[in-house]
Amino acid sequence: MYKRLFEVDNWKLITHQLHHKDIRLQESLTSMGNGYMGMRGNFEEGYSANSHQGTYIAGVWFPDKTRVGWWKNGYPEYFGKVLNAINFIGIDLLIGGEKIDLATQNFNDFYYELDMKNGVLIRKFTVDQEGKKTKISVKRFVSLATKELCAIEYLATPLNHDKTIKMIPYLDGNVQNEDSNYDEKFWDVLEAEVEPETAYLMTKTVANPFGVPQFTVAARQRFISDFPATGVI
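Overview of the structure. Keep in mind that what you see is a predicted model, and the values were worked out from it rather than measured.

So, on to unusual backbone geometry. With a phi close to 55°, Asp109 is a non-glycine residue in the positive phi region. Position of Asp109 relative to the elements: it lies in strand 9 (residues 107-115). When its relative accessible area of 58% is taken as the criterion, Asp109 is described as exposed.

This part covers the sheet that holds strand 7 (residues 91-95). On the basis of which strands lie adjacent, the open sheet formed by three strands has the order 8-7-13 and antiparallel pairing. The strands lining the two open edges of the sheet, one partner per strand, are strand 8 (98-99) and strand 13 (165-169). In this structure, strand 7 lies alongside strand 8, joined through two bridges in antiparallel fashion. For Ile95, the partnering residue across the bridge sits in strand 8 and is Glu98.

Here the focus is the pattern of salt bridges. Under the criterion given, the structure shown has nine salt bridges. A salt bridge links Lys12 to Glu113, with the nearest nitrogen and oxygen atoms 3.7 Å apart. Here Lys12 is found in strand 1 (residues 12-15), whereas its partner Glu113 is found in strand 9, with 101 residues between them in sequence. Look at Glu113 and you get buried, because its relative accessible area is 6%. With a shortest N-O distance of 3.1 Å, Glu27 and Arg40 are connected by a salt bridge. Residue Glu27 is found in helix 1 (residues 23-29), and its partner Arg40 is found in the loop between strand 3 (37-39) and strand 4 (55-57); the two are separated by 13 residues along the sequence. On the basis of relative accessible area, Glu27 is assigned to the buried category, the value being 2%. Judged by its relative accessible area of 10%, Arg40 is buried. Residues participating in the shared-partner salt-bridge network are Glu44, Glu45, Arg123 and Arg140.

We now examine the environment of His16. Mapped onto the elements, His16 comes out in the loop between strand 1 and helix 1. Separated by 93 residues in the primary sequence, His16 and Asp109 place their C-alpha atoms 7.4 Å from one another. Among residues more than four places away in sequence, those in contact with His16 are Glu7, Phe110 and Tyr111. Of the polar contacts made by the side chain of His16, one reaches the side chain of Glu7; its length is 3.4 Å.

This part covers the nonpolar core. Ranked by internal contacts, the top residues of the largest apolar core, which has 44 residues, are Phe43, Phe88 and Trp187. When contributions to this core are tallied by element, the ones reaching two or more residues are strand 3, strand 7, strand 9, strand 10 (120-129), strand 11 (132-142), strand 12 (150-158), strand 15 (198-205) and strand 16 (216-222). Residues contacting Phe88, with those up to four places away along its chain left out, are Met37, Met39, Thr55, Cys150, Tyr170, Leu171, Ala219 and Gln221.

For the rest of this paragraph, the subject is empty space enclosed by the protein. Picture a little ball the size of a water molecule; that probe, rolled over the atoms, points out where space is still empty. In total, this model carries one cavity of 30 Å³ or more according to the counting rule given. As a volume, the largest cavity reaches approximately 40 Å³. When contributions to the lining of the largest cavity are tallied by element, the ones reaching two or more residues are strand 10 and strand 11. The leading source of residues in the lining of the largest cavity is strand 10, at three residues. In the lining of the largest cavity, the residues fall into five nonpolar, two polar and three charged.

Calculation criteria
- Residue positions are counted from 1 within each chain, in the order its sequence is given.
- pLDDT decides what is reported in this predicted model: residues at 70 or higher carry local features, side-chain atom pairs at 80 or more are listed and counted, and totals for whole chains, interfaces and linings draw on all residues regardless.
- As a rule here, side-chain values cover all heavy atoms of the structure and leave hydrogens and water aside.
- A run of DSSP states H or I qualifies as a helix once it reaches four residues; a run of E qualifies as a strand once it reaches two. Both are numbered from the N-terminal end.
- Working definition: with a 1.4 Å probe on protein chains only, accessible area under 20% of the residue-type maximum means buried, over 50% means exposed, and in between means partly exposed.
- DSSP calls a pair of strands paired once it identifies at least 2 bridges connecting them.
- The working definition used for a salt bridge is a side-chain nitrogen of Lys or Arg within 4 Å of a carboxyl oxygen of Asp or Glu.
- Contacts were defined at the residue level, with two residues in contact if any of their heavy atoms lie within 4.5 Å.
- Polar contact criterion, stated in full: a pair of N or O atoms within 3.5 Å, where within protein one must be able to donate a hydrogen and the other to accept it, and residues adjacent in sequence count only if both atoms are side-chain atoms.
- Each nonpolar core is a collection of buried residues, namely Ala, Val, Leu, Ile, Met, Phe, Trp, Tyr and Cys, held together in the definition by side-chain atoms within 4.5 Å.
- Points on a 1 Å grid, built from protein atoms alone, make a cavity when a 1.4 Å probe fits but cannot get out and make a pocket when they are open with protein on both sides within 12 Å along at least 5 of 7 lines; residues with an atom within 4 Å of a point are the lining residues.
- Grid points are joined across faces, edges and corners, and a volume is the space filled by probe spheres set on the points.
- Ten residues, namely Ala, Val, Leu, Ile, Met, Phe, Trp, Tyr, Cys and Pro, are considered nonpolar, four, namely Asp, Glu, Lys and Arg, are considered charged, and the remaining ones, Gly among them, are considered polar.

Geometry only, nothing functional implied.
Here it is, written out as structure tokens:
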């Protein structure tokens, strides 16, 4: 027995439904990257239900100590864990002061597409706040030509109201691995700065007892908008 989440197409994964019960599988299938960095098909504005936020940088790992009992004698002392790195796609969306969250929000006209020929992830939906509707359109692109570049176009269009719409991009270095032992943290923040149109965050893996070099990962956001922008870390 199998289930189909996406329509059949030669180059695209397309769905008109948000599959809440299979959101992790949907995120996995719509992952994108360029060989240097990659991320799951997470929503920029977040999703408070059962989701798995993941951003990864090639070659960045941590020698996590194996914690097993006597029944697993022979296991190695440690194993290489691929680390969840800085979340740099986050954009909090507030409409009339209400934070939009598709896990709890009323919405319709949902559309989700991974265009594998052009390397673009597209998402559209209409937020319905007691009849006040806002059309959302999102495009994400990870560049092959410039390996460090990820571009996001995020548009919010009020259809029948004049509520204030606010977008708050952010960098989040307080990330964890879901498979970590005892909720361990693998990153320390070295530098953080926010300016009117940019934000910057530098993190470094915590020291390890196995002699493996530590990794440093940094991210910078640049906001391009017709309206004043404020970065958040």
